[in-house]
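Survey of secondary and tertiary structure
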Amino acid sequence: MTALLELKNLKTHFMKKKANIPAVDGVDLTIQKGETVALVGESGSGKSITSLSIMRLIPSPPGKIVDGQILFNGQDLVTLTDDQMCKIRGNDISMIFQEPMTSLNPVLTIGEQIIEVLMYHQKLNKSQARTKAVEMLELVGFSRAKALVDEYPHRLSGGMRQRVMIAIAMSCNPKLLIADEPTTALDVTIQAQILDLMKDLSKKYDTSILLITHDLGVVSEVADKVVVMYCGQVVEEAMVEDLFDEPLHPYTIGLMGSIPSLDDDLDRLQSIEGNVPPPEHFPQGCRFAPRCPHAFDKCRSALPALMDVEGGSRKVRCFLHGDKEATS
Amino acid sequence: MVSYIIRRTIMAIPLLFGITILSFAIIQAAPGDPTSLMMDPSMKPSDKEAFRERYGLDEPIHIQYITWLGNMAQGDFGDSIIKRGTPVSELIMNRLPNTLLLMLVSTILAILIAIPFGIYSAMRPYTKLDYTVTVTSFLGVATPNFWLGLMLIMFLSVTLGWFPTGGVATLNADFSLWDRIHHLILPAFVLAVADMAALTRYTRSSMMDVLKQDYIRTAMSKGFKEKKVVLKHGLRNGMIPIITIFGLMLPSFIGGAAITERVFAWPGIGLLFIESAFQRDYPVIMALTVISAVFVVIGNLLADILYAVFDPRIEY
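Residues numbered from 1 in each chain as written. Chains lettered and ligands numbered in written order. Predicted model: local features only at pLDDT ≥ 70, side-chain atom pairs only at ≥ 80, totals over all residues. Heavy atoms only, no water.

**Thoughts on the overall build of chain A**
The helix and strand inventory of chain A stands at 12 helices and 12 strands. For chain A, whose C-alpha radius of gyration is 21 Å, the value lies close to the compact-globule estimate of 20 Å for 328 residues. With the C-alpha coordinates of chain A rotated into their principal frame, the extents come out at 65 × 50 × 40 Å. Out of the 328 residues belonging to chain A, those deemed buried represent 55%. Looking at chain A alone, contacts between residues at least 24 apart form 64% of all its contacts between residues at least 6 apart. Accessible area for chain A stands at about 14700 Å²; split by element, carbon and sulfur atoms hold 49% of it. Averaging the coordinates of the 34 positive side-chain charges in chain A and doing the same for the 43 negative ones gives two points 8 Å apart. (Helix = DSSP H or I, 4+ residues; strand = E, 2+ residues; numbered from the N terminus. Rg over C-alpha atoms; globule rule 2.2 N^0.38 Å. Buried < 20%, exposed > 50% of the residue type's maximum accessible area, 1.4 Å probe, protein only. Contact = heavy atoms within 4.5 Å. Areas by Shrake-Rupley, 256 points an atom, 1.4 Å probe, with all protein chains shown as cover. Lys, Arg positive; Asp, Glu negative; His and termini not counted. Charge placed at Lys NZ, Arg CZ, Asp CG, Glu CD.)

**Regarding the packing of helix α4 (residues 110–121) of chain A against helix α5 (residues 126–139) of chain A**
All names here are of chain A. Where α4 contacts α5, the two axes come as close as 9 Å, and the packing angle between them is 120°. Looking at the two axes, α4 sits oblique to α5. Between α4 and α5 lies a crossing whose hand is right-handed. Residue-level inspection shows Ile110, Glu112, Ile114, Ile115, Leu118 and Met119 of α4 in contact with α5, the latter providing Lys126, Ala129, Arg130, Lys132, Ala133 and Leu137. (Axes fitted to C-alpha atoms, helices over the stretch in contact; angles between N-to-C directions. Parallel < 35°, antiparallel > 145°, perpendicular 65-115°, else oblique. Left-handed = near helix turned anticlockwise from the far one by under 90°.)

**Let's talk about the UniProt feature "transmembrane region" (unreviewed entry) in chain B**
The feature "transmembrane region" (unreviewed entry), as annotated in UniProt, sits at residues 100–123, 135–163, 183–202, 242–264 and 284–310 of chain B in this numbering. With 79% helix and 0% strand, residues 135–163 of chain B has its two end C-alpha atoms placed 28 Å apart. (UniProt positions renumbered as here; feature names shortened; annotations may be inferred.)

**Brief notes about a negative patch on the surface**
Among the surface-exposed residues, Asp224(A), Glu241(A), Asp245(A) and Glu246(A) lie close enough to one another that they form a single negatively charged patch. One can find Asp224(A) in the loop between α9 (216–222) and β9 (225–230). (Patch = residues over 30% accessible without salt bridge, like charges linked within 9 Å, V, L, I, M, F, W, Y side chains within 5 Å. Salt bridge = Lys/Arg side-chain N within 4 Å of Asp/Glu carboxyl O.)

**A closer look at the side chain of Asp25(A)**
All names here are of chain A. Examined against the element boundaries, Asp25 turns out to sit in strand β2 (residues 20–32). Asp25 gets classed as buried once you look at its relative accessible area, which sits at 14%. A distance of 2.7 Å separates polar atoms of two side chains, one belonging to Asp25 and the other to Arg287. Once you skip the residues sitting within four places of it in the chain, Asp25 turns out to touch Leu10, Lys11, His13, Gly232, Gln233 and Arg287. (Polar contact = N/O pair within 3.5 Å; in protein donor to acceptor, adjacent residues only side chain to side chain.)

**A few points about the environment of Tyr230(A)**
Residue and element names in this part refer to chain A. By the element assignment, Tyr230 lies in strand β9. By relative accessible area, Tyr230 is classed as buried at 2%. The contacts of Tyr230, once residues within four sequence positions are left out, are Glu42, Ser45, Val235, Tyr251, Asn275, Val276, Pro277, Arg287, Phe288 and Arg291. Among the polar contacts listed, one links the side chain of Tyr230 to the side chain of Arg291, at a separation of 3.1 Å.

Written out as structure tokens, the structure reads:
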């Protein structure tokens, strides 16, 4: 397996007048060809900013990629010009978003919104693009695709709109699909359908998926590998079975503990004390230390490195594991 | 859609009634009548009465109104009292093309300048160019038309002699297109300034709102260049609120240019309105009021129809 996407020490900061806000602070992440990687974390952990950085769609100013590399097929996206990046966006890397209700342009027909991508990237003419658009809509499960092409988005439900978004995103057969909380705004039954659809398409076209979510249920269903983020850093990385069998980082353990289970008869759900600190008030030392039940003195003074554990099959950023001395 | 237009037109009829009744009453309530302004002071009271009788000014006001309404319903606006029996329709038709030309040119000028600047301001908010555009448009809104007109006449026409000081064409000269354009430039510019300024502000705020929307991010994620995203995905959405402004601008085609027309001695409808109001020329005033009212109704209707054209979510 070769790496399709490799983030190396990615730092995306927001330059505010008073302070430099490190929303993404040295993230390393690898996605293999055809692999589905879930990026997990609470709100404010920097997972959405990581995905927008890959797309080079950080609102700038104030946002800026200040350091690191984004290697896509060996090419560093950070160094590309805007024009070069436009050729990759929507073609090699495409993205679907959390809010299907507002992500489609209300004044353009559904067909037009698919056709324009095909004409732009694939250089199809209008009638070829239209035929392909109908095919794409059929592919994502619309039975009356021919009629749908001329409909406007407001006639569709949230789940249907997300299917349209997937049709748009997959229309140029991208190598990587970034899905930013694609099912958060949907009903539970629709969630499962959308996830199944994404899984099927990724298998069929060998598309890698970077799935951003805070829903561990979703993760267990579709992901091959899980990357847990906290305060702009990766705190744990493992294959999905390993992570669910035995989470190592206290934060991951906390996240797992807050999933309700039918088997255990608990009165209260476990929760992680406190909140994610805002980026301008990240603690010294381990960023999770103030909320960690196992924190000791060293955690509060030094930041642990992301270390290989269990023979390099997984990584964790915690002094309780691996090499007890490695700091970052 | 067609039934909606018919419904709206029918609904406008009572509105027009109300407008005519009110304006009729208000004009009559103003002190004086045509006789007091045009007659020779040495004229005998009996002649004055005879004049009033001839134009029906001696009748009670409701009879006058009904007579006027009856004539108007047959397309007859009556004759001007002051201009010795010239039909009102002729007076208006002589003036209307001048006003329409002036308004059309100034509106196009305003749109051509305001919308690009508004869009650019919205794309790069809080930059030097945005601040410049903002300050300039506030100046434009705050500057009174007549003052700007007078200043331009003073510097560009009188001192530098670049432009004529007023009128639609050089007197007693053969028709020449350049001469007409030459006369049009200053009044059209003055009239455009205020619209331009307001339109820039509206465009900026509307586009800033649109550019924050999720579908703009979607369009960016498709790999389109910023310009294409803004013009194709942003502008059509951003124009929806601007349509209202156009709808409101349409009736000002009749009365809005009055002051500018006065400053530049531009023989248009606005100038006619002012003259007839001062002279209590009732038939002319009423005719112009009705026309303005019709324009208001048409403007609103047009805006509503354009909404449906621009925004597929709206159905009638």
